[in-house]
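# Fold and geometry: a report
Each chain is listed here by its residues.
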Amino acid sequence: MTLLKWPRRHSQAQEEESQLLHLFNSLNEVVLLFDKQQQVQFVNQYWEVITGIPVEQTLGRMFSDFLHPEEIPSWSQLLNKITPSQHENIWFRLISASGELRWCEMRIQSVNKDQPYPLSATLCDITPQVRNEEVRHASHRSLQSLVDRLPAMLYRSRNNASWSMEYVSEGCELLTGYSAESMLNQSQVSLGSIIHQDDATRVWENVQQALETFSPFDIHYRLTRADGTEVSVQDKGRGLYSKSGMVLGVEGILLLTNKR
Amino acid sequence: MLNIKLKSWIDGQSWFGETVRAVTKKKELPSVDFNDLAFKLATAENISETLPGVLKSLQWLINDLFPPAQHAELIILFSNPSTSETFMHHGLDKAPAAKLMQSLHHLFTVGKAPDASEMMVVDDLTIAPSRLFEHDNLTVWSLFLFHGAAPSAKQLKWKTASIETTLYKGLQAWYHNESKLKKALESERAMYAAELHDSLAQVLGYLRLKSLKLDKLCQQAEFSSLKPITEDLASYTQCAYHQTRELITSSRLTMQSDNLSQGVINSIKEFEHQSAIVFELDNRLPLNMLSPQQSMQMLYIVRESLSNIVRHSHATHARVVLLLKTSSLLQIHIEDNGTGINPEAARSDSFGLQIMKERADRIGATLMINNRPEGGTRVDLSLNLEANE
């Protein structure tokens, strides 16, 4: 009886194992297991999909062999600080079989709660997301540099007498002598406070009139710069409205003009 | 006064030592002049060539100092945790096992550095580490490896003290000299860059404007015979001006960092702000292995390629790859997905390409500029490091 039973139980365990393997291999995510020497003890099939490196050539090798050299210090750092009670998250670049780079996100933790090794990890390919982010970043960066280099001050302000700024471009410093940061949200100085006294009322009225009629404004006035000198500027802008027609703010551009 | 006193005291001591040795020692110790070894290290032209020789001499001494049963070996380990690099030097006939080197790399560079004075067991060997000194991000260790039974800590200290002092003195002095040399080189380069900027670049800037104006004036029919000359004048002046500016920039960049990787990173940052192109840097160079001259020329070529991408390519993506194809072949690829180059459309500033080639030649590098099959341009620069040494 026992002789007959024993092989059956064995095959059941084998079956369970192969089912588990089947499950791991069906995932669209890499599952990994590392031993104390940081060698790969287990990896599922999806690894080959991401990196093009066969599973057989991966098992038993140091995981750092697959990392981009610049990622190795942060990887070593992560392994040094990992403790059984917490999991860690890391982004890095892998070098695929063809030599191309794949951006990956890894979640890694100890398998057991009372000892650091072995470590289990999941890994997903985030290359498309990173590439999209890079494109977004590049277009933002390029626009930002363009705006900040213009010899003019682009702004978005609230519709109040001090014209408190929600956004000011770097050209602010060129025109007013005050840095863009110092004018943001009136932190140190407001545009309203440096408009020439004799012009302030006219500026306010002209802008309000334009806002009423939903039309752009084009006005000239004088500013007192940080060093006390006076400059003439041209301010072209328009209102910012909600769908119901409520004024949310004012956007425009300030340019230096020749002194009258 | 004090010096003389000290010297004569040492002389007396060693003389005394000689007589004692003659009585008690059966075997002659190999004569090792510690001062000479330290001096050799301190004045080394290339430390990685000199150090093994010195270690060999020390190893002979060690073979005599320790009984054969202990089988002691000396290794000098340079650990740089910030780049995750370990270099080991030894004076042994047979290099230590790869597995041991891997373990030491893990122990000293990847992991937390061990306590300097504790002996430890690694791969069945007893290792007695001693932290010699630190320089920048580098920690220099001396390791005594024992294949058999290790001596007691006290005995070890007594036997190895002068060896460690020699290595400490020699290497410390070498690093000290190196950083002094580097500083001197930097200030010299800074001076030349400033000179160039204030003198030649200003004059060339002026000449450029005037020659362009002259060229424009000569477009009238009555001066048509002058046209080829003024055209040449304008484009050569433009080229000289452009080159001078780049020379100043690249010498400033290499000065800031004194290594190619950092120079490339800084250049990419700079060009990123001038365009909406997505720049991708894939830097697989382990450490800077180029002379300042090589770095500067390579950086010039990279910058020229990047500026061509920004100015002419209409690309949306550009990629810069720095890698070591083999241990002695450095390669740089710069590619973009733009319109590519038309070799026949000789623009006035296609001088740029010519200068890139000349600069590559100067350091023995090969440069190829081609259109990519999938569109855009690809610049391949390769430098054989061994051929240049």
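About the thresholds
Residues numbered from 1 in each chain as written. Chains lettered and ligands numbered in written order. Predicted model: local features only at pLDDT ≥ 70, side-chain atom pairs only at ≥ 80, totals over all residues. Heavy atoms only, no water. UniProt positions renumbered as here; feature names shortened; annotations may be inferred. Helix = DSSP H or I, 4+ residues; strand = E, 2+ residues; numbered from the N terminus. Buried < 20%, exposed > 50% of the residue type's maximum accessible area, 1.4 Å probe, protein only. Contact = heavy atoms within 4.5 Å. Pairing = 2+ DSSP bridges. Axes fitted to C-alpha atoms, helices over the stretch in contact; angles between N-to-C directions. Parallel < 35°, antiparallel > 145°, perpendicular 65-115°, else oblique. Nonpolar A, V, L, I, M, F, W, Y, C, P; charged D, E, K, R; others polar. Phe/Tyr/Trp six-rings, centres within 6.5 Å; stacked < 30°, edge-to-face > 60°. Lys NZ or Arg CZ within 6 Å of the ring centre and 35° of its normal.

By the naming in an unreviewed UniProt entry, chain B goes by histidine kinase and is assigned to Methylophaga sulfidovorans. Its UniProt record gives chain B the following Catalytic activity (unreviewed entry) comment, quoted word for word: "ATP + protein L-histidine = ADP + protein N-phospho-L-histidine."

The name recorded for chain A in an unreviewed UniProt entry is histidine kinase, from Methylophaga sulfidovorans.

## Topic: the environment of B:His314
Residues and elements named next belong to chain B. One can find His314 in the loop between helix H9 (292-313) and strand S7 (317-326). Looking at His314, the relative accessible area reads 69%, which means it is exposed. When the C-alpha positions of His314 and Asn337 are compared, they lie 8.2 Å apart, and in sequence the two are 23 residues distant. Other than its neighbours up to four places away in sequence, His314 contacts Ile309, Gly338 and Thr339.

## A closer look at the sheet that holds strand S9 (residues 365-371) of chain B
Residue and element names in this part refer to chain B. Taken together, five strands build an open sheet; the order of strands is S6-S7-S8-S10-S9 and the sheet is mixed. Of all the strands in the sheet, the pair left with one neighbour each is strand S6 (278-283) and S9. Here the strands of the sheet are splayed against their neighbours by 10° on average, with no regard to which way each runs. Across eight bridges, the pairing between S7 and strand S8 (residues 329-336) is antiparallel. Opposite Leu322, over in S8, you have Ile332 as the bridge partner.

## Details of the packing of helix H3 (residues 47-65) of chain B against helix H5 (residues 153-198) of chain B
Helix-helix packing is described using two parameters, namely the angle between the two axes and the distance between the axes. Residue and element names in this part refer to chain B. It is at 11 Å that the axes of H3 and H5 come closest, and there the two elements cross at 170°. Looking at the two axes, H3 sits roughly antiparallel to H5. In this structure, H3 uses Ile47, Leu51, Leu55, Leu58, Leu61, Ile62 and Leu65 to contact H5, whose residues at the interface are Lys159, Ile163, Leu167, Leu171 and Trp174. Class assignment for the residues of the contact of H3 with H5 results in eleven nonpolar, no polar and one charged.

## As for the packing of aromatic side chains
One pass over the structure, following the stated rule, counts 17 aromatic pairs over all chains. With a centroid separation of 5.1 Å and an interplanar angle of 80°, the aromatic rings of B:Trp174 and B:Tyr175 are classed as edge-to-face. Residues B:Trp174 and B:Tyr175 agree in their burial class; the two are buried. Among the aromatic residues, ring-to-ring pairing joins A:Phe34, A:Trp47, A:Phe63, A:Phe66, A:Trp75 and A:Phe92 into one connected group. It is B:Arg359 that lies over the ring of B:Tyr300; its NZ or CZ is 3.6 Å from the centre.

## Some words on unusual backbone geometry
The linkage connecting A:Tyr117 with the following residue, A:Pro118, adopts the cis geometry, with an omega of 0°. Tracing the sequence through the fold places A:Pro118 in the loop between strand S4 (101-110) and strand S5 (119-125). Backbone geometry at A:Phe214 places phi at a positive 55°, although glycine is not the residue there. In this fold, A:Phe214 is placed in the loop between helix H8 (197-212) and strand S8 (217-224). Overall, the relative accessible area of 52% leaves A:Phe214 in the exposed class. One non-glycine residue, B:Asp124, adopts positive backbone phi at about 70°.

## So, the sheet that holds S8(A)
Residues and elements named next belong to chain A. The five strands are arranged S7-S6-S10-S9-S8 in an open sheet whose pairing can be described as antiparallel. A strand with exactly one partner marks an edge of an open sheet, and here the two such strands are strand S7 (165-168) and S8. For this sheet, the mean angle separating the axes of adjacent strands, direction not counted, is 30°. With eight bridges joining them, S8 and strand S9 (residues 230-241) adopt antiparallel strand pairing. What sits directly across from Ile219, in S9, is Asp235. Each of S8, S9 and strand S10 (247-257) touches H8; the most contacted strand, S8, lies at about 155° to it.

## Some points on the pairing of strand S1 (residues 72-80) of chain B
Within a regular beta strand, the side chains point alternately toward one face of the sheet and then the other, so they alternate between its two faces. All names here are of chain B. Of all nine residues that make up S1, nine are buried, and the element is covered over most of its length. Judged from the eight bridges that link them, S1 and strand S5 (residues 138-146) form a sheet pairing that is antiparallel. By the bridge assignment for S5, Ile76 is matched with Ser142. Taken together, the six bridges between S1 and strand S2 (residues 85-90) define a ladder with antiparallel strand orientation. By the bridge assignment for S2, Ser79 is matched with Thr86. Hairpin connection from S1 to S2: four residues lie between these consecutive antiparallel strands, with Ser84 at a positive phi of about 60°.

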